[in-house]
Amino acid sequence: MTLDDVNSLPVAAFVAEFGGLYEHSPWVAEGAAVQRPFASKEAMLKAFSGVVRKAGHDSQIALVRAHPELGHRVGVDPALSEASAQEQGSAGLDRLSPAEYERFQSLNTAYRDKFGMPFVICVRKAGKAVILEAMAQRLASTPEAELAEALAQIDAIASLRLQDKVSG
């Protein structure tokens, strides 16, 4: 799909096409749709990110909570979207040893208990070891810093998903 195609889509079709850029959160695409036409993919991503940044704290937390925990397997986590399953697979998270699976589950639980949301990282930019290290390090962070980091990681995920969808 080209940028011209993106700019000419009816709002409902735009939301259907791009509602998954931000996991289970089509409201982000709805907010970005009214900012068209986009001059570039960067401008499009900036519009999506701006919708998130202007959303209230509760909406931002809900967006982070819409993301799956890392290391959950297809069929185990019914909320795992096709895009998330592919992304986790690209990082090897669908092929964890029993020890790795246990480590992910332990860190996921500790992170969720501390911050009330799942750990989010752009897994397409990191391997298992890097992800585990980041999970352990970020447990020492503050809730405010973690929300900001999660939103930055979500933007990175959306950027890669957008690159997959829009040419040029």
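This text follows the structure it describes.
Notes on the structure in this doc start here. These numbers come from a predicted model, not from an experiment.

**Here's the deal with the nonpolar core**
Turning to step 1, where the next piece is worked out: Residues Phe 14, Phe 18, Tyr 22, Met 44, Phe 48 and Ile 131 are the most contacted members of the largest nonpolar core, which totals 51 residues.
Turning to step 2, where the next piece is worked out: At 8 residues, helix H9 (residues 143-165) tops the list of elements feeding residues into this core.
Turning to step 3, where the next piece is worked out: Sequence-distant contacts of Phe 48, defined by excluding residues within four places in its chain, comprise Phe 14, Phe 18, Leu 21, Tyr 22, Val 28, Ala 29 and Ala 32.

**Some words on the layout of surface pockets**
Turning to step 1, where the next piece is worked out: When its volume is computed, the largest pocket comes out at roughly 260 Å³.
Turning to step 2, where the next piece is worked out: Looking at the largest pocket, it is lined by 15 residues, and the ones nearest its centre are Glu 82, Ala 83, Gln 86, Glu 87 and Arg 161.
Turning to step 3, where the next piece is worked out: Listed by contribution, the elements that provide at least two residues to the lining of the largest pocket are helix H6 (82-90) and H9.
Turning to step 4, where the next piece is worked out: At 5 residues, H6 tops the list of elements feeding residues into the lining of the largest pocket.
Turning to step 5, where the next piece is worked out: Residue composition of the lining of the largest pocket, by class: 2 nonpolar, 6 polar and 7 charged.

**Description of empty space enclosed by the protein**
Turning to step 1, where the next piece is worked out: All chains considered together, the criterion is met by 2 cavities of 30 Å³ or more.
Turning to step 2, where the next piece is worked out: Size it by volume and the largest cavity reaches roughly 140 Å³.
Turning to step 3, where the next piece is worked out: Lining the largest cavity are 15 residues, with His 67, Leu 70, Glu 87, Ile 121 and Ile 157 sitting closest to its centre.
Turning to step 4, where the next piece is worked out: Elements with a contribution of two residues or more to the lining of the largest cavity: H6 and H9.
Turning to step 5, where the next piece is worked out: Across the lining of the largest cavity, the residue classes break down as 9 nonpolar, 3 polar and 3 charged.

Criteria and cut-off values
- All residue numbers here refer to positions counted from 1 along the written sequence of the relevant chain.
- Selection of residues for local features in this predicted model requires a pLDDT of at least 70, selection of side-chain atom pairs for listing and counting requires 80 or more, and totals for whole chains, interfaces and linings are taken over all residues.
- Working from all heavy atoms in the structure, the side-chain values ignore hydrogens and water.
- Here, nonpolar core refers to any group of buried Ala, Val, Leu, Ile, Met, Phe, Trp, Tyr and Cys residues whose side-chain atoms link them within 4.5 Å.
- With a 1.4 Å probe rolled over the protein chains alone, any residue whose accessible area is under 20% of its type maximum counts as buried; one over 50% counts as exposed, and the rest are partly exposed.
- Secondary structure follows DSSP: runs of H or I at least 4 residues long count as helices, runs of E at least 2 residues long count as strands, and numbering of each begins at the N terminus.
- Any two residues whose heavy atoms approach within 4.5 Å at even a single point are treated as in contact.
- Cavity and pocket criteria rest on a 1 Å grid covering protein atoms alone: a 1.4 Å probe that fits but cannot get out defines a cavity, protein on both sides within 12 Å along at least 5 of 7 lines defines an open pocket, and an atom within 4 Å of a point defines a lining residue.
- Grid points are joined across faces, edges and corners, and a volume is the space filled by probe spheres set on the points.
- Following the grouping adopted for this structure description, the nonpolar residues are Ala, Val, Leu, Ile, Met, Phe, Trp, Tyr, Cys and Pro, the charged ones are Asp, Glu, Lys and Arg, and the polar ones are all others, Gly among them.

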